[in-house]
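Per-entry structural report
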Amino acid sequence: MVVRSLGELEAEIMDRLWSWGRPATVREVVDDLNAKRPVAYTTVMTVAGILHTKGLLNRHKAGRAWVYEPARSRDSYTATLMQEALGSTSDTPAALAHFVEQISTDEVAALRRALAALDAAEHDDRTGER
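The numbering scheme is per chain: residues are counted from 1 as the chain's sequence reads. Given that the model is predicted, a residue must reach a pLDDT of at least 70 before its local features are reported, and side-chain atom pairs must reach 80 or more before they are shown or counted; all residues, however, enter totals for whole chains, interfaces and linings. Water and hydrogen atoms were dropped before computing side-chain values, which therefore reflect all heavy atoms in the structure.

Here we take up helix H1 (residues 8-20). Because the α-helix completes a turn every 3.6 residues, residues three or four places apart line up on one side. Only DSSP runs of H or I covering at least 4 residues are called helices, and only runs of E covering at least 2 are called strands; the numbering of each starts at the N terminus. How far a helix is expected to stretch is found by multiplying one less than its residue total by 1.5 Å. With 13 residues, H1 extends 18 Å between its outermost C-alpha atoms, agreeing within 8% with the 18 Å of an ideal straight helix rising 1.5 Å per residue. Each residue is placed in one exposure class: buried if its accessible area under a 1.4 Å probe, protein chains only, is under 20% of its type's maximum, exposed if it is over 50%, and partly exposed if it falls in between. Turning to H1, its buried residues number three or more, namely Leu9, Glu10, Glu12, Ile13, Met14, Arg16, Leu17 and Trp18. Remark: glycine 21 follows H1 within two positions and exhibits a positive phi of approximately 65°.

Our focus in this paragraph is the pairing of strand E2 (residues 57-62). We call two strands paired when DSSP finds no fewer than two bridges between them. Looking at chain direction, E2 and strand E3 (residues 65-70) are connected through six bridges and run antiparallel. Across the sheet, the residue bridging to leucine 57 is proline 70, located in E3. Counting the residues that bridge the hairpin from E2 to E3 gives two residues, and of these glycine 63 lies at a positive phi of roughly 70°.

Here, the term nonpolar core denotes a set of buried Ala, Val, Leu, Ile, Met, Phe, Trp, Tyr and Cys residues that are joined through side-chain atoms within 4.5 Å. If you look at the biggest cluster of nonpolar residues, it comprises 20 residues, and the most contacted ones within it are Ile13, Met14, Leu17, Leu33, Val44, Leu51 and Leu57. Those elements giving two or more residues to this core turn out to be H1, helix H2 (26-34) and helix H3 (41-53). A per-element tally of this core places H1 first, with five residues. In this structure leucine 17 touches Arg22, Ala24, Val29, Leu57, Tyr68 and Pro70, once residues within four positions along its chain are discounted. We call two residues in contact when some of their heavy atoms are within 4.5 Å.

The salt bridge definition used is simple: a Lys or Arg side-chain nitrogen within 4 Å of an Asp or Glu carboxyl oxygen. Inspection of the entire model under this criterion finds six salt bridges. Taking the shortest distance from any N to any O, the salt bridge between aspartate 31 and arginine 27 comes out at 3.2 Å. Of this pair, aspartate 31 and arginine 27 both sit in helix H2, four residues apart, which is roughly one turn of that helix.

This next bit is on the sheet that holds strand E1 (residues 24-25). Ordered by their spatial adjacency, three strands build an open sheet running E1-E3-E2, and the pairing between neighbours is antiparallel. Every interior strand has two partners, whereas the edge strands, E1 and E2, have only one. The pairing of E1 with E3 spans two bridges and is classified as antiparallel. When the bridges of E3 are listed, alanine 24 appears paired with tyrosine 68.

We now examine a nonpolar patch on the surface. Judged by side-chain polarity, Met82, Phe99, Val100, Leu111, Leu115 and Leu118 come together as a nonpolar surface patch covering roughly 500 Å² of accessible area. Put simply, the parts of the chain that give the nonpolar patch at least two residues each are helix H5 (92-102) and helix H6 (105-127). For the nonpolar patch, the element with the highest residue contribution is H6, accounting for three residues. Inspection of the secondary structure assignment puts leucine 111 in helix H6. Judged by its relative accessible area of 34%, leucine 111 falls in the partly exposed class. Patches here: salt-bridge-free residues with over 30% relative accessible area, like charges joined within 9 Å, nonpolar side chains (Val, Leu, Ile, Met, Phe, Trp, Tyr) joined within 5 Å. Here the Shrake-Rupley method, with its probe set to 1.4 Å, supplies the accessible areas, and only the displayed protein chains count as covering residues.

As for its position among the elements, alanine 35 is in the loop between H2 and H3. For alanine 35 and alanine 121, which are 86 residues apart along the polypeptide, the C-alpha to C-alpha distance reads 46 Å.

The next subject is the side chain of arginine 16. Mapped onto the secondary structure, arginine 16 falls in helix H1. Residue arginine 16 is classed as buried on the basis of its relative accessible area, which comes to 10%. Among all residues touching arginine 16, those that are not within four sequence positions of it are Val29, Asp32, Leu33 and Lys36.

These values are about where atoms sit, not about what they do.
Here you go:
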């Protein structure tokens, strides 16, 4: 699946749904958005439909309204964006080196932990250990 970065309103909608951790109607999203800036119900409904078409939101009917929820976690979406960015370079090691130079020491430590966990899981898979 190709995932592009989100437009401003798309990102605001996704951010709310990811943060809330529960399905929500367009009305709930509109009311929350309108607390910060005016946005029309029909605009949010259209963008939520687009996000559904893109595969980023799941939806189901609840009475007359659509209820939306993220099709994947924020972390999964972010990982896909990172993978696509790496796929756009002809020199992945150089891109990774530049990335690591720009992240915080806490992020470097998190990356090291993730790599160590991956190494441990691969070792367990090879040896049959758990």
